[in-house]
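# Tertiary structure, described
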Amino acid sequence: MYVSQKIIEKVVNMEVRVRYAPSPTGMQHIGGVFTALFNYLFARSMGGKFILRLEDTDRTRYGEEFVKNLYDTMEWLGIEWDEGGSKGGPYGPYVQSERFDLYKKHALALVEKGQAYYCFCNEERLNDLRTRQAQEKGALGYDRHCRSLSGSDIEKNLHEGRPYVIRLKIPLEGVTRFSDALLGDIEWKNEDISPDPVLLKTDGFPTYHLANIIDDHYMKISHVMRAQEWIPSTPLHVILYQAFGWEPPRFCHLPMVNGKDGQKLSKRHGATSVNEFRARGYVPEALVNYVAMLGCSYEEGRDIFPIKDLEGLFKLEHLNKAGAVFDYKKLEWFNGQYIRLMSDEKLLDSVLPYITGTGDALLPINVTEENPAPHTGPEYSGISMNKDGTLSSGSLSDAQIREKLLSLMPLIKERLQYLTDAGDKIAFIFKPMPALVQSDIIPKKLDAQKTREVLISSKEFIRSLPGLDHEAQENSAKSCAEKLGVKLGDFMMPIRMAVTGSKVSPPLMGSILALGIEESLARVDAALQLF
């Protein structure tokens, strides 16, 4: 890996100010979270500031719902910003559409300095140019037609009110160099840079390049940390900084996040939208922990890093140049680990939206054969939520439901990979028992008569459970199995089927106690009617 010593020395001696500046044209996704998180961790590790800025110049795809999603996502992940949004700050406004006068002023200043020029080419000419270049299979891009217009021609066009854009003068020869904290010194031939890109459009809107550079300068951004796909734009940005006479920030182009096929992560690899991860029952702490480890190392031999630990451990020199592979199975492991670290009370709060089909469970998801819809809502759990927030299930009161749910949390915690798994795990208490047939209850190594004996004996076993600790409960089950001359598994399986209606359930003794002794005995009696 490469981290310039000069860059490290400069970082130590300056106030670190970094930003995440998305365009509100879509929902937040893993690539955006990756960029935001690494900027945030770098700021926190250096005692600096993390700024949240909206680059909303693309009005054709702009949506208020995307703005809301940005702030919701940062809050859900626990990524706190210091300036921007409702927090404001000393260098606002932090929304580009509120800074148009500043952009126009500086674009015109570049024209005055001879670093930019008016271009009066209309759409018809530009389309003809593109068509001709495609037919000739030559270099694509603007042909600099208006770069050499005389002063009188410019004055005439402006006087006649002809629409114009302002274009940056890219040097016709030579190279542009910049130093990257991760990738080292990078050199770009000026002839390979997009020829004379537009800075200010005919409608007065700035392009991304102009607004980005002006905002970074006036917001005193010290470091620009973004994905490596932005490298081709960096020489252009450096030229813009030079045109204004400003010192550029330090650049750090982060490793790409790829799917297992080595291609940039996309929907074809699985969920990429943060909302979809939320809808599918991922824990925010798990997502942050996993994303933070993509392309970066922390402490040897350790995997679990709460965000506060990451803030103190992050270092630029621990970044990797190579792209990182997003492994959904590894993320699943992290998710399970964080679920198991939750208190019972926090786990109940976390699973409740998925059990009742409210909150995050209502977020849209991309359903595929490989990624089917999770089992959420009353259809699977048997519990619904009323408008006043109380819970309903049969004749049980809200307090009774919550008491039973809380007693189930330690039982299901070890068996959850996703929060959405909870509904199926608790259904045996809150949904009517499925219709069983005798063959469902009989273990492979027992016959109907012996299974009947197990069920009859289980009633005494069930009555003995209250008041016993876990070890005593286990011993009671073993004793009953020995008396019947059957293996422990063959003793437990018919009871499990009778009580829960499934061969897979939370720990049986805990499930019986959560269900209640009388209800458990009634279900055993119902199962005995099949023999």
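Described in the following lines is the structure provided in the data block. None of the values given here were measured: they were computed from a predicted structure.

Pairing is antiparallel in the open sheet, where 3 strands are placed in the order β3-β4-β7. Among the strands making up the open sheet, the edge pair consists of β3 (116-119) and β7 (198-200). Each strand axis lies, on average, 45 degrees off the axis of its neighbour in the sheet, ignoring direction. In terms of strand pairing, β3 meets strand β4 (residues 165-168) through 4 bridges, oriented antiparallel. Looking at the pairing, A116 lines up with L168 of β4.

With that settled, consider the packing of helix α18 (residues 448-464) against helix α22 (residues 517-528). Packing of α18 against α22 leaves a shortest axis separation of 10 Å and a crossing angle of 170 degrees. It follows from the interaxial angle that α18 and α22 lie roughly antiparallel. Residues R452, L455, I456, S458, K459, I462 and R463 of α18 pack against I517, S520, L521, V524, D525, A527 and L528 of α22.

On inspection of all chains with the given rule, the structure shows 24 aromatic pairs. Centre to centre, the rings of Y40 and F50 are 5.8 Å apart; their planes meet at 80 degrees, and the pair counts as edge-to-face. Of this pair, Y40 sits in helix α2 (residues 30-45) while F50 sits in strand β2 (residues 49-52), and the two are 10 residues apart along the sequence. For the ring pair Y71 and W81, a centre distance of 5.5 Å and an interplane angle of 35 degrees mean the geometry is tilted. Here Y71, found in helix α3 (residues 64-77), pairs with W81, found in the loop between α3 and α4 (100-112); they are 10 residues apart in sequence, far enough to count as distant. Summarising the burial analysis for this pair, Y71 and W81 share the class buried. Taken together, the aromatic side chains of F277, Y282, Y290, F326, Y328, W333, F334 and Y418 make up a single cluster linked through ring pairs. The lysine or arginine in question, K87, covers the ring of W81, its NZ or CZ lying 5.0 Å from the ring centre.

The next subject is unusual backbone geometry. Most of the time, phi is negative for any residue but glycine, and the peptide bond is trans. The peptide bond linking G92 to P93 adopts the cis configuration, its omega dihedral lying at -5 degrees. As for its position among the elements, P93 is in the loop between α3 and α4. In the Ramachandran plot, D196 falls in the positive-phi region, its phi being about 50 degrees despite a non-glycine side chain. Examined against the element boundaries, D196 turns out to sit in the loop between β6 (184-189) and β7. The class of D196 is buried, set by a relative accessible area of 0%. For K220, which is not glycine, the phi dihedral falls at a positive 55 degrees. You can see K220 is positioned in the loop between α7 (208-218) and β8 (223-227).

Of the two faces of β4, the one lined by V165 and R167 and the one lined by I166 and L168 are each fully buried. Here β4 pairs with β7 via 2 bridges, running antiparallel. Directly across from R167, in β7, lies its bridge partner V198.

Conventions we followed
- Residues numbered from 1 in each chain as written.
- Predicted model: local features only at pLDDT ≥ 70, side-chain atom pairs only at ≥ 80, totals over all residues.
- Heavy atoms only, no water.
- Pairing = 2+ DSSP bridges.
- Helix = DSSP H or I, 4+ residues; strand = E, 2+ residues; numbered from the N terminus.
- Axes fitted to C-alpha atoms, helices over the stretch in contact; angles between N-to-C directions.
- Parallel < 35°, antiparallel > 145°, perpendicular 65-115°, else oblique.
- Contact = heavy atoms within 4.5 Å.
- Phe/Tyr/Trp six-rings, centres within 6.5 Å; stacked < 30°, edge-to-face > 60°.
- Buried < 20%, exposed > 50% of the residue type's maximum accessible area, 1.4 Å probe, protein only.
- Lys NZ or Arg CZ within 6 Å of the ring centre and 35° of its normal.

In short, geometric facts, not functional conclusions.
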